[in-house]
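Analysis of the macromolecular model
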Amino acid sequence: MGFGLRWTLHGDGRTPAPGAVVRPDERLSWPRTAGLGAQHVVAMFGASFVSPVLMGLDPNLAIMMSGIATAVFLLATRGRVPSYLGCSLSFVGVAAAIRAGGGDSAVVTGAVFVVGAALFLAGLAVQRFGARIIHAAMPPVVTGAVVMLIGFNLAPVTAATYWPQDQWTALLTMLFTGLAVVCLRGFWSRIAIFLGLVFGYGISWVFDLVFGKIHSPAGGTEAVDHWRLDLSGVGEADWIGLPNLHGPSFQWSAILIALPVVIALIAENAGHIKAVGEMTGDPLDDKLGTAIAADGAASMLSTAVGGPPNTTYSENIGVMAATRVYSTAAYWAAAGFALLFGLCPKFGAVVAAIPGGVLGGITVILYGMIGLLGAQIWLNGRVDLRNPLNLVPAAAGIIIGVGGVKLHFSDSFELGGIALGTIVVITGYHALRYFAPEHLKRQEPLLDSGTSDYDSAEEPAGEPGDKRG
């Protein structure tokens with residue numbers, strides 16, 4: 001297939017026959033392919049733009065680099081793995097922790113660059129030794145606990161920064177988004193976060209008209225009178241222009257905070273590859289390492305110029321499942337649209353103007369969903385929390401990560417929060433396993449049931465555990 005840049009026309013190029021699927025190396029007519037590409041951009045819009053805003057990074061650069069990252073991923077996987085790469089929500093807590101410690105955007109992107117490098121090396125290791133090394137080092141009890149503590153570690157950000165800016169807008173946005181996630185069907189359910197943002201924009205505008213300015217903290221500062229929706233920056237922004245670029249800066253303290261996210265990203269990628277392989281009918285076992293390495297390389301490329309990290313998006317996998325169109329041509333079209341959006345500063349200014357109260361309502365659901373996906377990994381992996389070998393390290397690590405427990409080594413170095421919690425989960429589990437009696441070790445297999453059949457045909461395949469990006 002070369003680089004996967006040639007596609008055969010599926011049928012008449014219009015509508016797939018009932019029950020038929022458009023395979024990755026096929027395409028519909030180019031106008032329809034372009035329309036599908038635009039649909040993929042809309043599907044990833046909510047999470048992919050909320051993430052850089054929450055991380056304090058340029059949303060224009062984020063969307064532009066997501067297009068470039070998607071192109072890199074499609075080339076690396078030779079067109080066999082249809083997937084869109086957008087800004088990962090897993091790093092929001094990392095960015096908040098780094099900024100709370102005095103780090104700026106350069107320090108944030110420097111720490112995440114190292115995570116991308118670690119993910120790239122992990123992908124090469126999987127290519128060389130197989131997926132079993134991942135499952136042996138990070139069984140479901142470990143990956144689930146790490147995903148959970150990453151998500152729940154974000155709770156104070158919502159409670160202290162976003163929600164107080166406009167509690168009533170936050171409450172209404174939360175209720176609307178929750179209804180959209182649960183009650184809508186098909187494509188509309190995939191863009192529920194985006195619809196929540198639009199709703200919040202509208203409510204903020206109406207409240208400004210009806211009630212005037214609000215007296216509340218603006219962006220975590222002291223309480224002042226301000227408009228809920230301030231679009232002054234939109235009028236000043238140009239229609240066409242390059243986003244703001246900057247280089248990364250590296251600090252060990254920030255890197256240690258960010259590194260645990262590698263575990264969540266590996267679990268996420270494995271689940272996505274498994275899901276896409278099952279949908280397309282093309283087992284992608286041999287592409288797992290390549291996909292993980294490509295994800296890492298794309299994140300390194302983005303953060304090297306000041307953008308956020310990127311990862312595969314479940315929203316877009318859902319769009320494929322709904323349309324049964326798995327053509328990588330549609331993802332190339334999506335990458336092209338993302339690149340164009342990234343070159344429009346006015347578009348980025350609209351995103352940057354998202355009111356704090358709206359983010360409060362969105363993140364209450366979003367952060368909680370991230371954390372509870374850790375529990376889903378436990379369920380898929382049949383983790384028995386009655387077993388103290390599982391319960392003790394998971395319980396200790398989660399409390400440390402969520403509560404922000406810290407270990408001070410010197411005036412200039414400390415471990416805490418996500419980093420310390422992850423270290424406790426991983427080292428605690430394997431250390432306890434080494435000393436545990438045999439009957440405790442036999443209660444849970446080391447392989448993750450969501451991806452175990454990469455190496456063992458006898459293991460039953462479960463639903464892929466997925467976390468947002």
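The structure reproduced in this document is the subject of the present report. Not measured: the values here are computed from a predicted model.

**Considering the environment of lysine 213**
Here lysine 213 shows up in the loop between α10 (192-211) and β4 (214-217). For lysine 213 and aspartate 225, which are 12 residues apart along the polypeptide, the C-alpha to C-alpha distance reads 5.9 Å. Excluding its chain neighbours within four sequence positions, the residues that come into contact with lysine 213 are Asp225, His226, Trp227 and Arg228.

**Here's the deal with the packing of helix α7 (residues 155-162) against helix α18 (residues 356-380)**
Between two packed helices, both the angle of their axes relative to each other and the distance between the axes serve to describe the pair. Where α7 contacts α18, the two axes come as close as 9 Å, and the packing angle between them is 165 degrees. Considered as vectors, α7 and α18 are oriented roughly antiparallel to each other. Taken as a pair, α7 and α18 cross one another with a handedness that is left-handed. Side by side, α7 and α18 meet where Val157, Thr158 and Tyr162 of the first sit next to Gly356, Gly357, Leu359, Gly360, Thr363, Val364 and Tyr367 of the second. Taken together, the residues that form the contact of α7 with α18 break down as five nonpolar, five polar and no charged.

**Some remarks on α18**
A rise of 1.5 Å per residue sets the reference length of α18, with its 25 residues, at 36 Å; its end C-alpha atoms lie 35 Å apart and thus fit the reference within 8%. Along α18, the helix axis deviates most sharply at threonine 363, where the bend reaches about 35 degrees. Directly beyond the C-terminal end of α18, a positive phi value near 55 degrees is found at arginine 382.

**Brief notes about α7**
Within the sequence span of α7, burial applies to Val157, Thr158 and Tyr162. Along the axis of α7, the buried residues cluster in a sector spanning 95 degrees; they form a single face. Seen from the buried face of α7, the exposed residues on the opposite side, beyond 90 degrees, are Ala159 and Ala160.

Analysis parameters
- Residues numbered from 1 in each chain as written.
- Predicted model: local features only at pLDDT ≥ 70, side-chain atom pairs only at ≥ 80, totals over all residues.
- Heavy atoms only, no water.
- Helix = DSSP H or I, 4+ residues; strand = E, 2+ residues; numbered from the N terminus.
- Contact = heavy atoms within 4.5 Å.
- Axes fitted to C-alpha atoms, helices over the stretch in contact; angles between N-to-C directions.
- Parallel < 35°, antiparallel > 145°, perpendicular 65-115°, else oblique.
- Left-handed = near helix turned anticlockwise from the far one by under 90°.
- Nonpolar A, V, L, I, M, F, W, Y, C, P; charged D, E, K, R; others polar.
- Expected span 1.5 Å × (residues − 1).
- Bend = angle between axes of the 7 residues up to and from the residue.
- Buried < 20%, exposed > 50% of the residue type's maximum accessible area, 1.4 Å probe, protein only.
- Arc of directions from axis to C-beta.

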